[in-house]
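One letter stands for each residue in the lines below.
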Amino acid sequence: VPGPSPGADAASDIAVMVLCAGRGERMRPLTDHCPKPLLQAGGLSLLGHILQRIHAAGLRRVVINHAYLGAQIEQAIGDGNGFGLSVRYSAEATALETAGGIATALPLLGPGRFIVINGDTWSDIDLVALVQHTRQASTEELAHLVLVDNPTHNPNGDFWLAGEQVSSLMPSTQTAQADARCLTFSGTGVYHPALFQHTAPGQAAPLAPLLRQAMAEQRVSGRQHAGQWRDIGTAQRLAELDQYLQTRA
């Protein structure tokens, strides 16, 4: 079991949700008998890499949602003790999409802000900085997104970042336009439960419309991550990550 990390006491009350309910159609046949988060790169599953980073940031409470082959995830991770974490599960009969999955898991996440990480990504995003953000966020803020440079599979980006403000549209003022960049959402962010107050638990619902509405109300902030980030959406990207990690090791 990993030992205690610096800042563990400060972060241990903040919950992290790892999204693991996707089918992984583009990864077939690798995902025909294995859920995508358990596919391995560098000798460890994608989910295992994420859980290690969560522990290293001093976070301890984790919620994992799952649907397709979810029993394998519970069997592999158990109660999280092997990673020095406390893991609970939000099982979905069928995948509820991002907002539906989060809304369903809210009773496990608690009343405060929480961090969400896509289970099919690999990165060195600074989770300690996100912990600090949860402490300092304004009461009006509903979401804080980590954005990255646009990868080749998403060249047009997702959202605009001007300073710390995130928008679904190009900023209207010339001052903001000069600083604005259209970037890709990394799948990692901090959310307030109020973002999901009108999302029914147990029903499928996408996240993007909720974010766009909150952006229109100027209640979404963000930051750009300039380090490592990979969306492991295809078998080729998984192989590339595996080669990178083996070379680095």
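About the criteria used
Residues numbered from 1 in each chain as written. Predicted model: local features only at pLDDT ≥ 70, side-chain atom pairs only at ≥ 80, totals over all residues. Heavy atoms only, no water. Helix = DSSP H or I, 4+ residues; strand = E, 2+ residues; numbered from the N terminus. Polar contact = N/O pair within 3.5 Å; in protein donor to acceptor, adjacent residues only side chain to side chain. Expected span 1.5 Å × (residues − 1). Bend = angle between axes of the 7 residues up to and from the residue. Buried < 20%, exposed > 50% of the residue type's maximum accessible area, 1.4 Å probe, protein only. Contact = heavy atoms within 4.5 Å. Phe/Tyr/Trp six-rings, centres within 6.5 Å; stacked < 30°, edge-to-face > 60°. 1 Å grid on protein atoms, 1.4 Å probe; cavity = no way out; pocket = protein on both sides within 12 Å on 5 of 7 lines; lining within 4 Å. Points joined across faces, edges and corners; volume = space filled by probe spheres on them. Nonpolar A, V, L, I, M, F, W, Y, C, P; charged D, E, K, R; others polar. Core = buried A, V, L, I, M, F, W, Y, C linked by side-chain atoms within 4.5 Å. Salt bridge = Lys/Arg side-chain N within 4 Å of Asp/Glu carboxyl O. Disulfide = S-S within 2.5 Å.

### Comments concerning the environment of Asp 124
Next up, step 1: Along the chain, Asp 124 turns up in the loop between β7 (121-123) and α5 (127-136).
Next up, step 2: Spatially, the C-alpha atoms of Asp 124 and His 225 are 8.9 Å apart, while their sequence positions differ by 101 residues.
Next up, step 3: Reaching out from Asp 124, the side chain makes a polar contact with the side chain of His 225 at a distance of 2.8 Å.
Next up, step 4: A distance of 2.8 Å separates a polar side-chain atom of Asp 124 from the backbone nitrogen of Gln 228.

### Structural notes on helix α4 (residues 97-109)
Next up, step 1: The terminal C-alpha atoms of α4, which comprises 13 residues, lie 17 Å apart, in line with the 18 Å expected from a rise of 1.5 Å per residue.
Next up, step 2: Of all the bends in α4, the greatest reaches close to 35° and is centred on Ala 103; the proline Pro 107 follows between one and four positions later.
Next up, step 3: Within α4, the full set of buried residues consists of Ala 99, Gly 100, Gly 101, Ile 102, Ala 103, Ala 105, Leu 106, Leu 108 and Leu 109.
Next up, step 4: Those residues of α4 hidden inside the fold are in contact with β1 (15-20), β4 (61-66), β5 (86-91), β6 (114-118) and α7 (208-216).

### Digging into the packing of aromatic side chains
Next up, step 1: Tallying each qualifying case throughout the model produces 4 aromatic pairs.
Next up, step 2: Considering the side-chain rings of Trp 122 and Tyr 244, the 5.8 Å spacing of their centres and the 70° angle between planes classify their relative orientation as edge-to-face. With Trp 122 in strand β7 and Tyr 244 in helix α8 (residues 235-248), this residue pair connects regions lying 122 residues apart in the sequence.
Next up, step 3: For Trp 122, a relative accessible area of 7% translates into the label buried.
Next up, step 4: With relative accessibility at 25%, the residue Tyr 244 sits in the partly exposed group.
Next up, step 5: Aromatic side chains Tyr 191 and Phe 196 sit 5.9 Å apart centroid to centroid with 75° between the ring planes, which places their arrangement in the edge-to-face category.

### Looking at the layout of surface pockets
To find the voids left in a structure, one rolls a probe of water-molecule size over its atoms.
Next up, step 1: Each pocket or cavity is described by its volume, and for the largest pocket that value is around 870 Å³.
Next up, step 2: Going through the elements one at a time, β1, α4, β6, β11 (181-191), α7 and β13 (229-231) are the ones with two or more residues in the lining of the largest pocket.
Next up, step 3: Considering every element that reaches the lining of the largest pocket, the biggest residue donor is β11, with 5 residues.
Next up, step 4: Class assignment for the residues of the lining of the largest pocket results in 16 nonpolar, 12 polar and 10 charged.

### Here we look at the nonpolar core
Next up, step 1: Core analysis: the largest hydrophobic core is formed by 39 residues, its most contacted members being Leu 47, Ile 54, Leu 59, Ile 64, Ile 77 and Ile 115.
Next up, step 2: Non-local contacts of Ile 77, meaning those with residues more than four positions away in its chain, are made with Leu 47, Leu 51, Ile 64, Phe 83, Val 87 and Tyr 89.
Next up, step 3: The next biggest cluster of nonpolar side chains, apart from the first, holds 31 residues, and it includes Leu 19, Ala 103, Phe 114 and Leu 142.

### A closer look at the pattern of salt bridges
Next up, step 1: Overall, the coordinates contain 9 salt bridges when judged by the stated rule.
Next up, step 2: In this structure, the salt-bridge partner of Asp 32 is Arg 28, at a minimum N-O distance of 2.6 Å.
Next up, step 3: Between Glu 140 and Arg 219 there is a salt bridge whose closest N-O contact spans 3.9 Å. Of this pair, Glu 140 sits in the loop between α5 and β8 (143-148) while Arg 219 sits in the loop between α7 and β12 (220-224), and the two are 79 residues apart along the sequence.
Next up, step 4: With relative accessibility at 24%, the residue Arg 219 sits in the partly exposed group.

### What about the state of the cysteines?
Next up, step 1: Within the structure shown, the criterion is met by 0 disulfides.
Next up, step 2: Left unpaired, Cys 20 is separated from the closest cysteine sulfur, that of Cys 34, by 11 Å.
Next up, step 3: A relative accessible area of 18% places Cys 34 in the buried class.

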